[in-house]
Structures are given as C-alpha cells and as structure tokens.
Amino acid sequence: MKSLRTVTLIASTLALLVGFAGFSQTKMVGGAPMYPSKDIVSNAVNSKDHTTLVAAVKAAGLVETLQGDGPFTVFAPTNSAFDKLPEGTVSTLLKPENKSKLQGVLTYHVVAGKYGAKDLMKMIKKGKGMAKLTTVNGDTLTAMMDGDAIKVKDGAGNVAMVTIADVNQSNGVIHVVDTVVLPSA
C-alpha cells in the first residue's frame, strides 16, 4: 500500500512538473501570452506592442506565409521601433503601391530556420564575435553580443537589440527587437 502511494505521488509530481515546463515556455509579449502551440501571426495579433508590425504584415500580404510551416526566426520590431523611423516612413510603406518595398523590409526581419538565443550565441562565438544571417529577402543581418544581449545589425549600421528572446511558436521563434533594421536595397 505504501509503495502504491509513493508511485502515485511520484507520478503526480512528474505530471505537475511536465505541466509547469510547458507553461514556462509561454511568454508574455505586449501584455498577451504567446503560446508555443500557436503560429507566429496568431500570437502576434494579440501583442499590443506589435500592432504596427501586424498591420504591415497584413498590408504586405505575408500573413499566410508567416502562418506556414516554417520554421522561421523572426526579429519582431515593436511599435516604438517603428516610431524611431523618420516621420511618414510607415504610412508610406503601408500604401498599396509600396507593397514590394514593404515586403522587402519585413522579410529582412525573417530568417529561415528556428534559431533560439542559445543557437545564435553559438553561431556568434563560432564566428569570433559575429554571425552572418541570410534573411528571407536574401540580404544579410549580422548578429553579435553586447554583454549578455544579442543584437542584429543591418548593412547601414542600424542595430537592434533583442529585448525578449525565445518566444517559441508552433512554426518558429520570435525575438522581440527595439529597432527596425533595413535591407540595403
């Protein structure tokens, strides 16, 4: 009888730990939980910090792509990151006639494959302080460390810091960034 109680207690403890492990992967971004079981777009639409990004993804016609299987690594700029751009830049990019340019900017924030923070750090270390990441639009971002923080730099020297890393999604991972990086073209 005592061993049955012990086995039951161990089984209950393991179930609880597994439940907490799954729960710990859900991160809060923009006041909303980002569920690892949902895709990138399904989570992003709930973040109050990413309303500009979501509007841009919709205007660029990239919703279906970012809901696809992936996997994708997305460096997701916040609304305040978009606010740093020169006045009128966002409204100009959102115009239908600028759809291809908007697509280029957005796909510059996406890397094919799932690269968590630990993966990026290993790549940076292997690259002696820098890792070149080829984005979905074909251009390159440079990842680097600044103390414990991961940063990505575009070809013009604009640097974005990862403020929230490893927001796991069903089709990849999001790293929230504080600056919009821009492709060279």
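The sections below set out a description of the structure shown in this document. Note that the coordinates shown come from a computational prediction; the quantities given were computed from them, not determined experimentally. (Residues numbered from 1 in each chain as written. Predicted model: local features only at pLDDT ≥ 70, side-chain atom pairs only at ≥ 80, totals over all residues. Heavy atoms only, no water.)

## Quick notes on the overall build of the chain
Okay, so step 1: The number of helices and strands found in the chain is 8 helices and 9 strands.
Okay, so step 2: Across the 185 residues that make up the chain, the buried fraction comes to 40%.
Okay, so step 3: Partitioning the intrachain contacts of the chain with sequence separation of at least 6 by distance along the chain shows that 62% fall at a separation of at least 24.
Okay, so step 4: When the accessible surface of the chain is totalled, it reaches about 10200 Å², and 59% of it is carbon and sulfur. (Helix = DSSP H or I, 4+ residues; strand = E, 2+ residues; numbered from the N terminus. Buried < 20%, exposed > 50% of the residue type's maximum accessible area, 1.4 Å probe, protein only. Contact = heavy atoms within 4.5 Å. Areas by Shrake-Rupley, 256 points an atom, 1.4 Å probe, with all protein chains shown as cover.)

## As for the side chain of Thr 73
Okay, so step 1: Following the sequence through the fold, Thr 73 ends up in strand β3 (residues 72-77).
Okay, so step 2: Residue Thr 73 is classed as buried on the basis of its relative accessible area, which comes to 1%.

## Looking at the pattern of salt bridges
Okay, so step 1: One pass over the full model with this rule turns up 1 salt bridge.
Okay, so step 2: Lys 151 is the salt-bridge partner of Asp 146, the closest N and O atoms lying 2.7 Å from each other. (Salt bridge = Lys/Arg side-chain N within 4 Å of Asp/Glu carboxyl O.)

## Side note on helix α7 (residues 99-107)
Okay, so step 1: Of the positions making up α7, those classed as buried are Leu 102, Gly 104, Val 105, Leu 106 and Thr 107.
Okay, so step 2: Turning to α7, the residues buried within the fold contact α3 (51-59), α6 (89-93) and β4 (110-112).

## Quick notes on the sheet that holds strand β8 (residues 159-169)
Okay, so step 1: If you walk across this open sheet you meet the 7 strands as β4-β3-β9-β8-β7-β6-β5, and the pairing is mixed. Two strands lie at the open edges of the sheet, namely β4 and β5 (131-134), each paired on one side alone. Put simply, the sheet's adjacent strands are angled 30° from each other on average, direction ignored.
Okay, so step 2: As defined by bridge partners, strand β6 (residues 140-146) adjoins strand β7 (residues 149-153) across 5 bridges and the pair is classed as antiparallel. Opposite Asp 146, over in β7, you have Ala 149 as the bridge partner. (Pairing = 2+ DSSP bridges. Axes fitted to C-alpha atoms, helices over the stretch in contact; angles between N-to-C directions.)

This is a description of form; function is not addressed.
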